Amino acid sequence: MLNIAHRGASGYAPENTKASFDLGIKMGADYLEFDVQRSRDGVLVVIHDTNVERTTDGSGEVRDRKAAELLKLDAGSWFSPEFKGERILTFSQVLDRYNGKAGMLIELKSPSLYPGIEQQTAAELAKYPLADKVVQSFEQESMKNMHRILPDVKIGVLMKFRPLGISSAMLRDISEYAHFLNPSKKLVSRALVQKIHALGMKTTPYTVRNREAVSFLKKMEVDGMITDYPDYINEIR
Ligand code: G3P
Ligand code: CA
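Residues numbered from 1 in each chain as written. Chains lettered and ligands numbered in written order. Predicted model: local features only at pLDDT ≥ 70, side-chain atom pairs only at ≥ 80, totals over all residues. Heavy atoms only, no water.

Draft legend 1. Spotlight on the overall build of the protein chain. Counting secondary structure elements, the protein chain contains 9 helices and 9 strands. What you see for the protein chain is a C-alpha radius of gyration of 17 Å, in line with the 18 Å of a compact globule of 237 residues. With the C-alpha coordinates of the protein chain rotated into their principal frame, the extents come out at 45 × 40 × 35 Å. Expressed as a percentage of its 237 residues, the buried residues of the protein chain come to 53%. Within the protein chain, counting contacts between residues at least 6 apart in sequence, those at least 24 apart form 58% of the total. (Helix = DSSP H or I, 4+ residues; strand = E, 2+ residues; numbered from the N terminus. Rg over C-alpha atoms; globule rule 2.2 N^0.38 Å. Buried < 20%, exposed > 50% of the residue type's maximum accessible area, 1.4 Å probe, protein only. Contact = heavy atoms within 4.5 Å.)

In structure tokens form, the structure reads like this:
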């Protein structure tokens, strides 16, 4: 059962910062999940929202701000005063600091806003061992492209809740290039997990925030869970 710390141990520390990633590792996470976007001057940065307002003391869109400006913002105080001074990290800083300490589930967030981000991500990733790296996105075209550019890195497709579920045709199409299909936990059933496995893929649903979800997903026989609370997953394995 893979234990994947969602934006780090983001239930306990400000998401996508050193504080949350360090704590995720301390709590036994196998992988760190985080979100990659790009600054105005072309630097890949790790932040979830497409603007900086919720998680920093700044304002505006990530893509309109230079990296030097983004990296000066306080990305900790919004969560709690004890985290004042936590910073937005660059993708390169995260690779450098955590490679070899945990696997990485790297989400390209809204990649259609950032033409060429797949190529740029591949160029940075290619300097590191790829066996414990996965690149994922909600945007399937971007992931097909990522697979073409860097076939050695595993690909994940994220799937939001859909009232009608996922068709067999869509599952087959995704299995042509992806190793993981990572759905919202609301989409998960044992039948879906079996179909994913039958197509040779794995599934690590998101986002687990309580023990009821842990025990439900365990029963569904998923391969791992993307969680704000990595300690909850350790309790069941
Ligand atoms: O990795 C799954 C999860 O991160 C996808 O949703 O909005 O938290 O990036 P979000
Ligand atoms: Ca994410």
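Draft legend 2. Spotlight on the site of ligand 1. Residues in close proximity to ligand 1 include H6, R7, E33, D35, H48, E107, K109, Q136, F138, L158, Y206 and I226, which together make up its full environment. Here an oxygen atom of ligand 1 and a side-chain polar atom of E33 are 2.7 Å apart. Surface burial for ligand 1 is 91%, taken as the share of its 290 Å² of free accessible area covered by protein chains. The residue inventory of the shell around ligand 1, partitioned by class, reads 4 nonpolar, 3 polar and 5 charged. (Near = heavy atom within 4 Å. Polar contact = N/O pair within 3.5 Å; in protein donor to acceptor, adjacent residues only side chain to side chain. Areas by Shrake-Rupley, 256 points an atom, 1.4 Å probe, with all protein chains shown as cover. Nonpolar A, V, L, I, M, F, W, Y, C, P; charged D, E, K, R; others polar.)

Draft legend 3. Broad picture of the packing of aromatic side chains. What the rule picks out here adds up to 8 aromatic pairs. When the ring of Y12 is compared with that of Y229, the centres are 5.2 Å apart and the planes differ by 85 degrees; the resulting orientation is edge-to-face. Remark: Y229 occurs in the loop between β9 (224-227) and α9 (230-234) and Y12 occurs in the loop between β1 (2-6) and α1 (18-26); sequence separation between them is 217 residues. What makes Y12 partly exposed here is its relative accessible area of 29%. Their ring planes at 10 degrees and their centres at 4.8 Å tell us that Y229 and Y232 sit as a pair that is stacked. One aromatic cluster is present, built from ring pairs that chain together F21, F34, F91 and Y98. A cation over an aromatic ring shows up here: K160 above the ring of F138, its NZ or CZ 4.5 Å from the ring centre. The ring of Y232 is capped by R211, whose NZ or CZ atom sits 4.1 Å from the centre of that ring. (Phe/Tyr/Trp six-rings, centres within 6.5 Å; stacked < 30°, edge-to-face > 60°. Lys NZ or Arg CZ within 6 Å of the ring centre and 35° of its normal.)

Draft legend 4. Representation of the packing of helix α3 (residues 91-98) against helix α4 (residues 117-125) within the structure. Across the interface, α3 lies against α4 with an axial gap of 11 Å and an inter-helix angle of 30 degrees. By the criterion of interaxial angle, the relationship of α3 to α4 is roughly parallel. Considering only the axes of α3 and α4, their crossing is right-handed. On α4, the residues touching F91, S92 and L95 of α3 are T121, E124 and L125. Split by residue class, the contact of α3 with α4 holds 3 nonpolar, 2 polar and 1 charged. (Axes fitted to C-alpha atoms, helices over the stretch in contact; angles between N-to-C directions. Parallel < 35°, antiparallel > 145°, perpendicular 65-115°, else oblique. Left-handed = near helix turned anticlockwise from the far one by under 90°.)

Draft legend 5. Molecular detail of the pairing of strand β8 (residues 180-183). A two-sided burial pattern is seen for β8, the buried positions comprising F180 and N182 on one face and L181 and P183 on the other. For the crossover that starts at strand β7 (residues 154-159), traverses helix α6 (residues 168-175) and ends in the parallel β8, the hand is right-handed. (Right-handed = clockwise from strand over helix to strand, strands pointing away.)

Draft legend 6. Looking closely at helix α8 (residues 211-219). Looking only at α8, the buried set comprises A213, V214 and L217. Taken around the axis of α8, the buried residues stretch over an arc of 105 degrees, which confines them to a single face. Residues of α8 that are exposed and angled more than 90 degrees away from the buried face: E212 and K219. As for α8, its buried residues are in contact with β9 and α9. In this structure N210 caps α8, since a side-chain oxygen of it lies 3.3 Å from the backbone nitrogen of E212. Trailing α8 by a residue or two, E221 shows a phi angle of about 65 degrees, which is positive. (Arc of directions from axis to C-beta.)

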